[in-house]
Amino acid sequence: MTSSTKPTTEPEKQDVKSVFNKKVIIKGAFWFALITVATIAVVFFYNNTGDTVKALSHISYKYIAICFVMLFVDLMLGSWRNHIYIRKMAPGVSHWVSFRANVANMFMGAVTPAHGGAGPAQIFVYTSNGVTFVDSFAVTLINLGATLIFMPLAGFVAIMLMDTTEVGSIVPAMLKYGFSFFLLFLMAFLLAFWKPLWIGAIIKKIANGLSSIFPKRKEKLTKWADDSFQGISKYQQTCSVIIRKNPFLFPLSLVITTLLYLNKYCLQWVILLGLGVSANLIQVISIQILIQFMIYFAPTPGGSGFAEGFIATLFGKIVPAALIPIFTLLQRSFLLFFPALVGAYVVISLLRKQTVKQG
């Protein structure tokens, strides 16, 4: 299906230098690596019982192999979540493009605070392969909505099923933080979709207010408000067309989103089995949901520092101290480091191709 709301020859609207700013990527990767290494080092020293290194020899590589299979499933589910839309709007675009878009998303999410660079990276991969900007943005927005719906629901289920005595008093604070951010973004998403005029009016009021404070910037602020209003209206219309013509796709996206995150959560349980730890699957899933709440909008690249700290703290209640450093490293590797490395290769390849074209 090709959308009827815009020309099929819509020009590319993204600048590779703004999407993949080398300085931003290098700086983000540096801080991501520095904070991650420092935090994991602290975890190693804090939990060093003399048995940590010895525990490495007892890892069951059969379970680690299963983790690699689950990692592949994770990447495939992430790409299919986008491709169910892309194949309708741009039938000539292969699933391989969606795979590359997904891993580029994961890499840029790892090197930018609060996943700030993830969406633009994914959109750029699609627009570089013939998908219009509006369609690419709409798919990203719709799947963001699926995540924003799934995560708070998962949080409610987790807190009902988990044994809160295992994780202490930090649970209420974590839930309050997570629900606040997710519900705030969910409300903004729903309003932008169902009441774009409201959002447009709010943006214009903000622009007018800022103009009175910064009169020299009035022209730029007015243009920003007008462009934002037109953009929201266009994306809302595109999303409406997609959902109206393919009503089953959004529910399917929610199902894939659920399977995607359940696979991530169960992967950690398999890591624990590989380390010889027999943990309650429901507790493992519930704890990881809470951690996901904390790090999804964390101010550091890829949630570095926050993720390692909360993994060590919360899983420390059910994992022996000697195994916490190894578990923390393996958990972050399979859920972020390995996918980010694949995404880094894709991003570097894109930058190289753009350099050749410009040359």
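The structure reproduced in this document is the subject of the present report. (Residues numbered from 1 in each chain as written. Predicted model: local features only at pLDDT ≥ 70, side-chain atom pairs only at ≥ 80, totals over all residues. Heavy atoms only, no water.)

1. What about the packing of helix H4 (residues 61-89) against helix H11 (residues 249-274)?
Move 1: For the pair H4 and H11, interaxial distance at closest approach is 9 Å and the crossing angle is 170°. Taken together, the axes of H4 and H11 lie roughly antiparallel to each other.
Move 2: Residue classes in the contact of H4 with H11 are distributed as 21 nonpolar, 5 polar and 4 charged. (Axes fitted to C-alpha atoms, helices over the stretch in contact; angles between N-to-C directions. Helix = DSSP H or I, 4+ residues; strand = E, 2+ residues; numbered from the N terminus. Parallel < 35°, antiparallel > 145°, perpendicular 65-115°, else oblique. Nonpolar A, V, L, I, M, F, W, Y, C, P; charged D, E, K, R; others polar.)

2. Some thoughts on the side chain of Asn 102
Move 1: Topologically, Asn 102 is positioned in helix H5 (residues 95-110).
Move 2: Overall, the relative accessible area of 9% leaves Asn 102 in the buried class.
Move 3: Those residues in contact with Asn 102 that sit more than four places away from it in its chain are Leu 75, Gly 78, Ser 79 and Gln 122. (Buried < 20%, exposed > 50% of the residue type's maximum accessible area, 1.4 Å probe, protein only. Contact = heavy atoms within 4.5 Å.)

3. Here we look at the layout of surface pockets
Move 1: When its volume is computed, the second largest pocket comes out at roughly 150 Å³.
Move 2: Forming the walls of the second largest pocket are Phe 150, Ala 154, Val 157, Ala 158, Leu 161, Thr 258, Leu 262, Tyr 265, Ile 282, Ile 285, Ser 286 and Ile 289.
Move 3: Counting residues per element, the ones that place at least two in the lining of the second largest pocket are helix H7 (133-161), H11 and helix H12 (281-296).
Move 4: Considering every element that reaches the lining of the second largest pocket, the biggest residue donor is H7, with 5 residues.
Move 5: Considering only residue class, the lining of the second largest pocket consists of 10 nonpolar, 2 polar and no charged. (1 Å grid on protein atoms, 1.4 Å probe; cavity = no way out; pocket = protein on both sides within 12 Å on 5 of 7 lines; lining within 4 Å. Points joined across faces, edges and corners; volume = space filled by probe spheres on them.)

4. What to know about the nonpolar core
Move 1: Formed by 94 residues in total, the largest nonpolar core has its most connected members in Phe 20, Tyr 85, Leu 275, Phe 315 and Phe 334.
Move 2: The dominant element in this core, judged by the number of residues it contributes, is helix H14 (residues 324-358), at 14 residues.
Move 3: Grouped together as the second largest cluster of nonpolar side chains are 6 residues, Ile 203, Leu 221, Ala 225 and Ile 232 included. (Core = buried A, V, L, I, M, F, W, Y, C linked by side-chain atoms within 4.5 Å.)

Note that every value here comes from positions in space, so none of it alone points to a role or purpose.
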